[in-house]
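Listed here are the chains, written in short residue letters.
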Amino acid sequence: MTGLLAYFVFFATIATIYAIIVMGLNIQWGFTGLFNAGVVGFYAIGAYACAILTGPARDTLIGGFGMPFLVGLAGAALAAALAGLVVALITLRLSEEYLAIATFGIGLTVQLVALNAAGLTGGANGLYGLPRPFWSLFDSVQAFNLFYLVFVVVIGLLVWALLARLVRSPWGRLLRAIREDDVAARSLGKNPVSVRVQSFVIGSAIMGTAGALYTGYVGFISPIDFIPILTFQIWAMLIVGGSGSLLGGVIGSFVIWLIWTGSGTLLSRLAPPDLQAQSSAVQVVLIGLIIVLTILIRPRGLIGEKSAVSSKK
Amino acid sequence: MIQAIADGLSTGAIIALGAMGVTLVMGILRFTNFAHAEYLTWGAYMALAVLSVTGLDAGQTGPFRFGLGLVLATVIAVVLTVALALAIDYLVFRRLRGRVNHITLVFASFGVALIVRYSIHLIFGGAAHYYSNDLQIAWLIGDGLRVMPDQALVFALALLVSVVLFLFLKYSALGLAMRGVAENPALAAINGVHFRKILFWTWAIGGGLAAVSGVFYGMTVQIRPDMGFQLLLPIFAAAILGGIGNVVGALFGGFIVALIEAIALLWIPAGYKIAVPFVVLLLVLWLCPRGLFKGSSGGSK
């Protein structure tokens, strides 16, 4: 396999994992209107949960249960769902702004725990030597990477199929009804709070699943994999692609990831060595600009949700 | 323990100055501005820029590391921070207000925060800066309690600001109009209150307080691009604890959050510092979501 193809496989794998997170955010924001300011936290919880469940036992660590990868995947979804449930139960009966603030806190706190709870997470050194699923079946790294891309895409398609079904179901209609008009939904005897909690928990579980897929891919995780900027990247992917559209989210993931890696490569080539540290700030400002400008100029993104009614306020 | 309380009170004053601005904006303009903490950072850096451009010394007055130079720099920083807050409102929030779901404003502020924080990073670099390298001699009070004069000053200033702000909101015509908009914007408009005027003063007060808070924070800790970001959660916790829109509540909220943080750090590892305000926040939202003190407005809903 040539270098370019190998890079493409790597690029597509990461972009697909991000696309799965975006799907989780899409159910929360795109379909239900719930603002999650700590996406990276749920992703990290999934990644660490998987690492702790599947990792090899070590004297210095509490975790390392050596479980099969599928158990790790399920555990990751469950752990992230649980975190989502706690935040949602506390904040969702209140004004929606509180959910934004609380999820922002989750994002920061998870990073703190990852850094400081060395007995569980390996601290700043992270967890390493984690098993990659079906690794032994392949005789070369390239073959494994290619397999893993297919594996991630299959999981992504499964999540997509699940969400597409959910969104079309009566429950999915209810989600949009609540997003558009809470009072009307309540007057029809629906319970918006409970439906919001369900939607938030499902979204969190999907983000956790994506975290587990990342762990299985790289076999090594540390707090620097889960820096706060990831939350903004995921948001940019969703809104550029078009929130409320599953296809839009996936396209947005690839577009933004291309812009991010492309601008990174470009800047590292062009910027003089003493300004390298500064050049990464340019990338982040770019993400911020993309978010704000999209909200201002094209709130529906590239492929927005189709309008369900003929006229909107 | 006493030392922790003393340190908590001075940090609390800085948080309170930020939280008073946040609570005003949340109460009157009705959205949670994630970019508010970046106004603190901006204010701190603007004061730094003024000092380095003019070549003024931060100065020293009596026991304080706060001389005429830094006072002047702070005044200019306040003006520049208010200008930033107004510019952001003009460029971003004004275009969205009333047109979109109000949580989209929160989202936009989230993006704005990123732009401001990393623009500062880009302009000034990521390294820590200081206003002055002078060492300050702590006041020794009683048996081994050490209080930095600057800490005492920021504490007194926060008290003063909250009292002035409270009196302003309660008795002045403009303050009454601001409370009116917070309570019921449509009714306020019918009674001849100009929303744009209220908008201007809300950002002016919020931005000004943020700049002062940022300078004080920069003086007691250090000036870094993520300094405001680190304070965002304590500021939100203080504002919610105090009841949204309640300025005096935000003052007490700031002290309570900082005191809990300082005392908790006696037992828990320092690495978990930021988690403390978060836990406080969750507990408040869970147990008494309207805050300990009655919000003076309809809240951010």
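Residues numbered from 1 in each chain as written. Chains lettered and ligands numbered in written order. Predicted model: local features only at pLDDT ≥ 70, side-chain atom pairs only at ≥ 80, totals over all residues. Heavy atoms only, no water.

(A) How the structure looks around empty space enclosed by the protein. All names here are of chain A. Using the criterion set out here, one finds four cavities of 30 Å³ or more in the structure. Its boundaries defined by the atoms lining it, the largest cavity holds a volume of some 100 Å³. Contributing to the lining of the largest cavity are 13 residues, with A37, V40, F104, P228 and T231 lying nearest its centre. In terms of residue count, the dominant contributor to the lining of the largest cavity is helix α4 (residues 96-116) (four residues). Tallied by class, the residues present in the lining of the largest cavity amount to nine nonpolar, four polar and no charged. (1 Å grid on protein atoms, 1.4 Å probe; cavity = no way out; pocket = protein on both sides within 12 Å on 5 of 7 lines; lining within 4 Å. Points joined across faces, edges and corners; volume = space filled by probe spheres on them. Helix = DSSP H or I, 4+ residues; strand = E, 2+ residues; numbered from the N terminus. Nonpolar A, V, L, I, M, F, W, Y, C, P; charged D, E, K, R; others polar.)

(B) Focus on the packing of aromatic side chains. This model, assessed by the stated rule, comprises 37 aromatic pairs over all chains. Seen in terms of ring centroids, F35 of chain A and F107 of chain B are 5.5 Å apart; in terms of plane orientation they differ by 55°. Their pairing is tilted. Here F35 of chain A, found in the loop between α1 (3-30) and α2 (39-54), pairs with F107 of chain B, found in helix α4 (residues 102-124), and the two come from separate chains. The exposure class assigned to F35 of chain A is buried, which follows from its relative accessible area of 1%. An aromatic cluster is built from Y7, F10, F11, F69, F138, F144, F147, Y148, F151, Y217 and F254 of chain A, whose rings are joined through pairwise contacts. Above the plane of the ring of Y90 of chain B lies R94 of chain B, whose end atom (NZ or CZ) is 4.1 Å from the centre. (Phe/Tyr/Trp six-rings, centres within 6.5 Å; stacked < 30°, edge-to-face > 60°. Buried < 20%, exposed > 50% of the residue type's maximum accessible area, 1.4 Å probe, protein only. Lys NZ or Arg CZ within 6 Å of the ring centre and 35° of its normal.)

(C) Main features of the domain arrangement of chain A. Residues and elements named next belong to chain A. Split into domains, chain A comes out as domain 1 (3-227) and domain 2 (228-304). Using only C-alpha atoms to locate each centre, domain 1 and domain 2 end up separated by 20 Å. Listed by partner, the interface residues are 29 residues for domain 1 and 20 residues for domain 2. Around 2300 Å² of area is buried between domain 1 and domain 2 when both sides are counted, 81% of it from carbon and sulfur atoms. When residues of domain 1 are sorted by the area they lose upon contact with domain 2, F11, Y18 and V22 head the list and together hold 25% of the total. At the surface where domain 1 touches domain 2, the tally comes to zero salt bridges. Inspection of the region where domain 1 meets domain 2 yields six residue pairs in polar contact (both at pLDDT 80 or more). (Domains from an automatic or database assignment. Contact = heavy atoms within 4.5 Å. Buried area = accessible area lost by both parts, 1.4 Å probe. Salt bridge = Lys/Arg side-chain N within 4 Å of Asp/Glu carboxyl O. Polar contact = N/O pair within 3.5 Å; in protein donor to acceptor, adjacent residues only side chain to side chain.)

(D) Quick peek at the interface of chain A and chain B. With 42 residues of chain A in contact, the opposing surface of chain B contributes 45 residues. Between chain A and chain B, roughly 4100 Å² of surface is buried when both sides are summed, and carbon and sulfur atoms account for 80% of that area. Applying the counting criterion to the chain A and chain B interface returns three residue pairs in polar contact (both at pLDDT 80 or more). At the level of elements, α3 (69-91), α4, α10 (229-241) and α12 (276-297) of chain A are the ones that each hand at least two residues to the side of chain A that touches chain B.

(E) Highlighting the confidence of the model for chain A. Residues at a pLDDT of 70 or more form 96% of chain A, whose mean pLDDT is 87. The secondary-structure element of chain A with the lowest mean pLDDT is helix α5 (residues 118-121) of chain A, recorded at 81, while α2 of chain A shows the highest, at 94. (pLDDT = per-residue confidence, 0-100.)

(F) Molecular detail of the layout of surface pockets. Residue and element names in this part refer to chain B. In this structure, the second largest pocket spans a volume of roughly 750 Å³. Lining of the second largest pocket is provided by 35 residues; of these, T11, Y217, T220, V221 and K273 occupy positions nearest its centre. Where the lining of the second largest pocket is concerned, the elements lending two or more residues are α1 (2-28), α8 (195-220), α9 (227-241) and α10 (247-264). The element that contributes the greatest number of residues to the lining of the second largest pocket is α1, accounting for seven residues. Considered class by class, the residues forming the lining of the second largest pocket number 18 nonpolar, 10 polar and seven charged.

(G) Representation of helix α6 (residues 141-168) of chain A in the model. All names here are of chain A. For α6, spanning 28 residues, the distance from its first C-alpha to its last is 40 Å, which sits close to the expected 40 Å at 1.5 Å a residue. Listing the buried residues of α6 in full gives F144, N145, Y148, L149, F151, V152, I155, G156, V159, L163, A164 and V167. Close packing links the buried residues of α6 with α1, α3, α7 (170-180), α9 (192-218) and α11 (246-270). (Expected span 1.5 Å × (residues − 1).)

(H) Quick look at the nonpolar core. The biggest cluster of nonpolar side chains holds 207 residues, and the ones touching the most others in it are F35 and W235 of chain A together with M20, F34 and Y131 of chain B. Each of domain 1 (3-227) and domain 2 (228-304) of chain A accounts for three or more of the residues forming this core. (Core = buried A, V, L, I, M, F, W, Y, C linked by side-chain atoms within 4.5 Å.)

(I) A look at unusual backbone geometry. Backbone geometry places R30 of chain B, a non-glycine residue, at a positive phi of 60°. Looking at the secondary structure, you find R30 of chain B in the loop between α1 and α2 (36-54).

(J) Representation of the side chain of S253 of chain A. Residues and elements named next belong to chain A. Mapped onto the secondary structure, S253 falls in helix α11. For S253, a relative accessible area of 0% translates into the label buried. Setting aside chain neighbours within four positions, we find S253 in contact with A15, Y18, A19, V22 and M237.

(K) Looking closely at the environment of F42 of chain A. All names here are of chain A. Tracing the backbone shows F42 in helix α2. For the pair F42 and A77, spaced 35 residues apart in sequence, the C-alpha to C-alpha distance is 9.2 Å. Not counting residues up to four positions away in its chain, the partners in contact with F42 are N36, A80, A83, G84, T103, I106, F200, S204, M207 and G208.

(L) Highlighting the packing of α1 of chain A against α9 of chain A. Residue and element names in this part refer to chain A. For the pair α1 and α9, interaxial distance at closest approach is 6 Å and the crossing angle is 165°. Classed by the angle they form, the pair α1 and α9 counts as roughly antiparallel. α1 and α9 meet at a crossing whose hand is left-handed. From α1, F10, T13, I14, I17, I20, I21, G24, L25, I27 and Q28 reach across to α9, where they touch S199, F200, G203, S204, I206, M207, A210, L213, Y214 and Y217. When grouped by side-chain class, the residues that make up the contact of α1 with α9 number 14 nonpolar, six polar and no charged. (Axes fitted to C-alpha atoms, helices over the stretch in contact; angles between N-to-C directions. Parallel < 35°, antiparallel > 145°, perpendicular 65-115°, else oblique. Left-handed = near helix turned anticlockwise from the far one by under 90°.)

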